[in-house]
Amino acid sequence: MAVTSDTSPRGAPARGAADSRARREAGLSGVRRFLTLREGSIVVVTVIAIIYFATSNSRFFTGTNFKTLLPYFAPYAIMAAGQVFVMITGEIDLSIGAMYLFCPFIWEKFHGLGTIPGMILAILVCCLIGAFNGFAVAVVGISSFVTTLGVLFAIDGLTLVISHSTPINTPGVTVLGNSTFERIFGGGTYSELIWAIGIVIILQLLLSFTRWGIYTVSVGGNRLGASEAGIRTRLVLIRNFVMCAGLAAFVGVLEAVRTTTATPDPSGSNDILFQVISAAVIGGTLLQGGSGTVVGALIGALFLGILHDGLIINSVNANYLDLYLGIAILIAMAINTYVSRVRTGSGRG
Amino acid sequence: MADDTTPQPQPHASAQTIVAPATADDDVVRVEHVGKRFGPTIALRDISMHLRKGEVLGLLGDNGAGKSTLIKILAGFQKPDTGTLWCKGQSYSPSSVDEARRLGVDCVFQDLALINELTVYQNLFLQRERHHRPIPFLSNALMKRESRKALDEIGINIPSIDVPVARLSGGQRQAIAVARTISGDADIILLDEPLAAMGAKEGAMILDVIGRLKAEGNVSIIMILHNYVHVLAACDRVNLIQEGVIGLDKPTAETSVEELTEIVVEEYRRARLEAQEEERRHAAGNGSDVTSAGAGSAPSPDVRR
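Residues numbered from 1 in each chain as written. Chains lettered and ligands numbered in written order. Predicted model: local features only at pLDDT ≥ 70, side-chain atom pairs only at ≥ 80, totals over all residues.

**Student:** If you had to explain the overall build of chain A to someone new, which residues and values would you point to?
**Tutor:** Counting secondary structure elements, chain A contains 16 helices and two strands. Classification of the 349 residues of chain A by burial places 46% in the buried group. Taking as baseline every contact in chain A between residues at least 6 positions apart, the subset at least 24 positions apart corresponds to 77%. (Helix = DSSP H or I, 4+ residues; strand = E, 2+ residues; numbered from the N terminus. Buried ≥ 20, exposed ≤ 12 C-beta atoms within 10 Å, placed from the backbone. Contact = placed C-beta atoms within 7 Å.)

Structure (structure tokens):
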């Protein structure tokens, strides 16, 4: 369509030359475009990890192993998708682990309203907490690190209070575990994967092709400039915090349905927080804001999942697992940085 | 903010008289007795000014005289503490940049308000994006076409509109900020140092564009400039802000680079004399207490030519 006229330099006489240049570039553009994508380098690193585990262990490339891998990656991918929106604005949401933990318990309280209405209400409650995060950051002006750290402790604490520190059975879950509701919301083998892919696609489109996305980048890139340009920066911040909290709550639901119970254990949920932030950062989202992709976070989560799973099937001693995981992440990020340096060198100026 | 507006209680009526709020029948903007302070700093004391339809008004003043504050108030980015504003005959108190823009007032801010991470065309359409109808996806192809057209009209050479503005030079970035404002629907345009980072050629292009807008007569422009030659070349009238009030209001035809320079240098000399006087008083009296009142550094006369 309008591609040639868009890329051609101004003026009609240059049109012919520009056309042939555009055609020449089209040949290269496959490789080049891939490498100029922000998530290009993490894809390379992930492929390297897959090749390594596939050659070192025949059990890696099997359907069974893929199913084991899923829970180590799909939930993180969904939560990271929301976190990316907050991180691109230059903020961070530490309270997502707490939302994840809290949601099933509040859902259980609302269960009397029916399974699905209760679930929606529980997620809305978490969105409201997300709105509070956004309000405290954007309007009151407390740093997001402090705000969400406070909310993390408060909500973890609240979860212990309302649950009396006792695990619950997930509402709406049957003994057989095969109702349509369960199969859709986390119980089905591929349910979380499908949710993850769907949410990532939608949020990537939101980020790349809508005002919401453009404004998110603007707020993170130049907050004063964005407000001078007339963007309502507070609204942008608040709605990203709401979305992030809502997605974390939703993952709380999926995981509670999948495992059929919920345990009020804050340390587990905060472990998830670190996984999510790692996935986002490994996927190319900058901690200082202004840049990031949702697809990158998905691949970052996939990479972490593969690493975890690959080390386990390679029978790494459980005591050494985290040590190796940490070293592997550092090596991977070093490669990632190197590849992206090569990448920006190859990008056009 | 500069020292000339810091703590002193401002009793010493300076040599200039406060110009009465001049008006004309075809005013599009009127500013009456506007004051603005930031904590103890008085940015604007009592500003009254006006802008006629189709006019290009040059706004001069020292660094920290309050020019940018005045522009930001007119642009809806800040609210005045006192005074009233009128725009096209209506009372004007925009609550946001957005509202000001809806009323036809748009601004190129000194810091340009560009988002480095976004591309040239995304910046050009920031906050007035075009999007498809049922699904609100941005229509990038349309925005790219229109951006190319807008930049061609100005005649500024931007190699590619698909690159992040971070990769462009200072002059190019400034041109994009100017293009963004003048390609909008605004009929009152505020420019805060539109030529600051530009080379001679780019600067001439922007002045050309402003000349063209002036010839068409549809827009009225307030422009902060530092180079008096540019002021005389591009503006119909010049206002000089001194110590938070309009100290001079003259058509450019009736003034000259020498006169403008003389006024500013005179102000500088006076400030320096006052500073020395102050020091002498302190030395004669208490001796030690010389810290007060920003007397040390007098405002610099920002004369380029």
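**Student:** So what's going on with the nonpolar core? Residues and values would help.
**Tutor:** With 175 residues, the main nonpolar core has A:A77 and A:M99 as its most contacted residues. Other than its neighbours up to four places away in sequence, A:A77 contacts A:A196, A:V200, A:A279, A:A297, A:L298 and A:A301. (Core = buried A, V, L, I, M, F, W, Y, C linked by C-beta atoms within 7 Å.)

**Student:** Which residues make up the interface of chain A and chain B, and what values do they have?
**Tutor:** At the interface, 22 residues of chain A touch 26 residues of chain B. For the side of chain A that touches chain B, the elements supplying multiple residues, two or more each, are α11 (211-221) and α12 (223-228) of chain A. Examining the composition of the side of chain A that touches chain B, we find that five residues originate from one element, α11(A), more than from any other. Split into classes, the residues belonging to the side of chain A that touches chain B amount to nine nonpolar, nine polar and four charged. (Nonpolar A, V, L, I, M, F, W, Y, C, P; charged D, E, K, R; others polar.)

**Student:** Give me the lowdown on unusual backbone geometry, citing residues and values where you can.
**Tutor:** All names here are of chain A. Unlike most non-glycine residues, S165 shows phi in positive territory, near 55°. Inspection of the secondary structure puts S165 in the loop between α8 (144-163) and β1 (168-169). One non-glycine residue with positive phi stands out, namely S315, at about 55°. The exposure class assigned to S315 is exposed, which follows from the 8 C-beta atoms found within 10 Å.

**Student:** For helix α5 (residues 74-88) of chain A, give the residues involved together with the corresponding values.
**Tutor:** Residues and elements named next belong to chain A. With 15 residues, α5 extends 21 Å from end C-alpha to end C-alpha; this agrees with the ideal 21 Å at 1.5 Å per step. Along α5, the sharpest kink reaches roughly 25°, centred on A81. Just downstream of α5, G90 is the residue with a positive phi angle, here 90°. (Expected span 1.5 Å × (residues − 1). Bend = angle between axes of the 7 residues up to and from the residue.)

**Student:** Tell me about the packing of helix α6 (residues 96-109) of chain A against helix α7 (residues 115-140) of chain A, and please be specific about residues and values.
**Tutor:** All names here are of chain A. The geometry of α6 relative to α7 is characterised by a closest axis approach of 8 Å and an angle of 140° between their N-to-C directions. With respect to each other, α6 and α7 are oriented oblique. Like other packed secondary-structure pairs, α6 and α7 cross with a definite hand, here right-handed. Counted together, M99, F102, C103, I106 and W107 of α6 and G118, M119, A122, I123, V125, C126 and I129 of α7 form the full contact between these two elements. When grouped by side-chain class, the residues that make up the contact of α6 with α7 number eleven nonpolar, one polar and no charged. (Axes fitted to C-alpha atoms, helices over the stretch in contact; angles between N-to-C directions. Parallel < 35°, antiparallel > 145°, perpendicular 65-115°, else oblique. Left-handed = near helix turned anticlockwise from the far one by under 90°.)

**Student:** Kindly report on the confidence of the model for chain B, identifying the contributing residues and their values.
**Tutor:** Residues and elements named next belong to chain B. Across chain B, the average pLDDT comes to 83, with 86% of residues at or above 70. pLDDT under 50 marks residues 1-19. Its contacts with residues more than four places away, or in other chains, come to 33 contacts. Here the prediction assigns the complex a pTM of 0.83, and the interface score ipTM is 0.79. (pLDDT = per-residue confidence, 0-100.)

**Student:** Before we move on, can you summarise helix α8 (residues 257-284) of chain B with the specific residues and values?
**Tutor:** Residues and elements named next belong to chain B. For α8, with 28 residues, the first-to-last C-alpha span of 40 Å sits near the 40 Å given by 1.5 Å per residue. When α8 is considered as a whole, its buried residues turn out to be L260, V264, E267 and A271. Contact partners of the buried residues in α8: β3 (56-61), α7 (228-234) and β9 (237-242).

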